Amino acid sequence: VFFLPSPAVTSPCKILKCNSEFWAATSGSHHLGTEEAPEFCTALRAYAHCTRRTARTCRGDLAYHSAVHGIDDLMEQHNCSKDGPTSQPRLRTLPPGDSQERSDSPEICHYEKSFHKHSAAPNYTHCGLFGDPHLRTFTDTFQTCKVQGAWPLIDNNYLNVQVTNTPVLPGSTATATSKLTIIFKSFQECVEQKVYQAEMDELPAAFADGSKNGGDKHGANSLKITEKVSGQHIEIQAKYIGTTIVVRQVGRYLTFAVRMPEEVVNAVEDRDSQGLYLCLRGCPLNQQIDFQTIRSAQATEGRARRKGPSLPAPPQAFTYETATAKCREKLPVEDLYFQSCVFDLLTTGDVNFMLAAYYAFEDVKMLHSNKDKLHLYERTRDLAPGNTAPLGTSPALWVALLCLSQCWLGLL
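Predicted model, so just to flag it, every value in this text is computed and none were measured. (Residues numbered from 1 in each chain as written. Predicted model: local features only at pLDDT ≥ 70, side-chain atom pairs only at ≥ 80, totals over all residues. Heavy atoms only, no water.)

K.L.:
Hey, could you go over the overall build of the chain for me, with residue numbers and the actual values?
P.N.:
What the chain contains, in helices and strands, is 11 helices and 12 strands. The proportion of buried residues among the 412 residues of the chain is 49%. Partitioning the contacts of the chain with sequence separation of at least 6, the portion at a separation of at least 24 is 63%. (Helix = DSSP H or I, 4+ residues; strand = E, 2+ residues; numbered from the N terminus. Buried < 20%, exposed > 50% of the residue type's maximum accessible area, 1.4 Å probe, protein only. Contact = heavy atoms within 4.5 Å.)

K.L.:
Quick rundown of the pairing of strand β1 (residues 124-130)? Include the residues and the values.
P.N.:
Most of β1 sits inside the fold, with 7 of its 7 residues counted as buried. Judged by which residues are buried, β1 turns out to be covered on both faces: Tyr 124, His 126, Gly 128 and Phe 130 on one side and Thr 125, Cys 127 and Leu 129 on the other are all buried. Strand direction decides the pairing type here: β1 and strand β11 (residues 253-261), joined by 6 bridges, are antiparallel. Directly across from Thr 125, in β11, lies its bridge partner Met 260. In the sheet, β1 pairs with strand β2 (residues 134-136) via 3 bridges, with the strands oriented antiparallel. Looking across to β2, one finds that Leu 129 is bridged to Leu 135. (Pairing = 2+ DSSP bridges.)

K.L.:
Quick rundown of the confidence of the model for the chain? Include the residues and the values.
P.N.:
When pLDDT is averaged along the chain, the result is 77; 71% of the residues meet or exceed 70. Every residue in residues 1-10 is under pLDDT 50, and counting partners more than four places away or in other chains gives 22 contacts. Segment residues 302-314 is flagged for pLDDT under 50; beyond a separation of four residues in sequence, or across chains, it makes 36 contacts in the model. (pLDDT = per-residue confidence, 0-100.)

K.L.:
So, helix α3 (residues 62-77): which residues are in play, and what are the values?
P.N.:
End to end, α3 covers 23 Å across 16 residues, agreeing with the expected 22 Å (1.5 Å per residue, within 8%). Turning to α3, its buried residues number three or more, namely Ala 63, Tyr 64, Ala 67, Ile 71 and Met 75. Seen from one end, α3 has its buried residues packed into an arc of 105°, which puts them on one side. Residues of α3 that are exposed and point more than 90 degrees away from the buried face comprise His 69, Glu 76 and Gln 77. A positive phi of about 55° marks Asn 79, the residue just after α3. (Expected span 1.5 Å × (residues − 1). Arc of directions from axis to C-beta.)

K.L.:
Can you tell me about the sheet that holds strand β12 (residues 288-289), naming the residues and giving the values?
P.N.:
Here 8 strands make up an open sheet; going across it, the order is β8-β9-β10-β11-β1-β2-β3-β12 and the pairing antiparallel. Taken across any chain shown, the strands that pair with only one partner, and hence form the sheet edges, are β8 (223-229) and β12. Relative to the sheet, helix α10 (residues 352-367) contacts β1, β2, β9 (233-238), β10 (243-250) and β11, its axis offset from that of β10 by approximately 165°. (Axes fitted to C-alpha atoms, helices over the stretch in contact; angles between N-to-C directions.)

K.L.:
Go over the packing of aromatic side chains with me, naming the residues and quoting the values.
P.N.:
Counted under the stated rule, the structure contains 9 aromatic pairs. Between the aromatic rings of Phe 130 and Tyr 337, the centroid separation amounts to 5.6 Å while the plane-to-plane angle is 15°, which identifies the pairing as stacked. Residue Phe 130 is found in strand β1, and its partner Tyr 337 is found in helix α9 (residues 336-348); the two are separated by 207 residues along the sequence. The burial state of Phe 130 is the same as that of Tyr 337; both residues are buried. These aromatic residues form a ring-pair network of at least three members: Phe 130, Phe 142, Tyr 337 and Phe 361. Across from the ring centre of Tyr 124, 3.7 Å away, lies the NZ or CZ of Arg 259, which sits over that ring. The cationic tip of Lys 330 hangs over the ring face of Tyr 358; the distance from NZ or CZ to the ring centre is 4.7 Å. (Phe/Tyr/Trp six-rings, centres within 6.5 Å; stacked < 30°, edge-to-face > 60°. Lys NZ or Arg CZ within 6 Å of the ring centre and 35° of its normal.)

What follows is the structure in structure tokens.
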């Protein structure tokens, strides 16, 4: 049920805001002395009050129910009364350089040490999703897709990632990512199950339960969230599976990028019968958009006609020339990231999509293990079953090559 596509609806549930406020108020609170316990209880009551305010709109939200149970547990652990002040206190934070890392963390919780102690270094792969939306898979296939509603990006033995894409403009099938859910599954003595959720205007720097690491297990700090830019950029390090995840909010929408070892990518129970998994399998053919054909039409017509002639005009009109000039400001190399930028500006009229393409490429530079494959130039959309033409080869060129090969055989 988690992976069934659903109607694109932006949830009014504000549990992420409650989680963020509580974490901001109690950062470093586990180092507080007993004299500051009343302040922690005050923050906890404020947290409970916040969850009650959003209860009606959060009935089916996993993060909400997790938070409610977590509040009850914390109140019991700290002997907090449910009655009392609820104003948000200013608690002291950790002093600079005060690390929570445990030096005795078990070796199994460090991927490179435990999985590859007596073998070659792991081969890392990258997947990214950005813009309207553009997908770069673990195999460096680049696609532009529709995928409206909820879709799974990653589904393996260690974690699940699901995105929800919603229309950018009323009446348009142009979509962008408005919600992201990541579930890190419980793993040996390293981490407890953790859920991370982000959505438009809510990019928390903590998991759904308010924590910033893997919980109470011995290797909990092998899973950590770091806020790079408040409300705009977070990074999740999952050292126990050698994985780095980057989530950004650019404008109103989210981008996703991940660096993951091949061994983890392919860690599934039954790959042949496994369901959809966009980062591994790409978008279904009926959800893919012929990027290059439409780009040519954009250049010729000078306006966006991306998904049908009835597409409403974007709020800020770009011509092909002005969109190209705008994208060149941030993306001087005319690769598929540059072309995606032009494509999105013509489709949406939203200049933030230029920044989404720019940051997506910045994340590729940071996360991709093969620096020779940073730029992609050729169309890499999957062909229909039975079509053996090489990726990126136009039909006319394929016919010419076929004729040439026949002529060569004739000469022999």
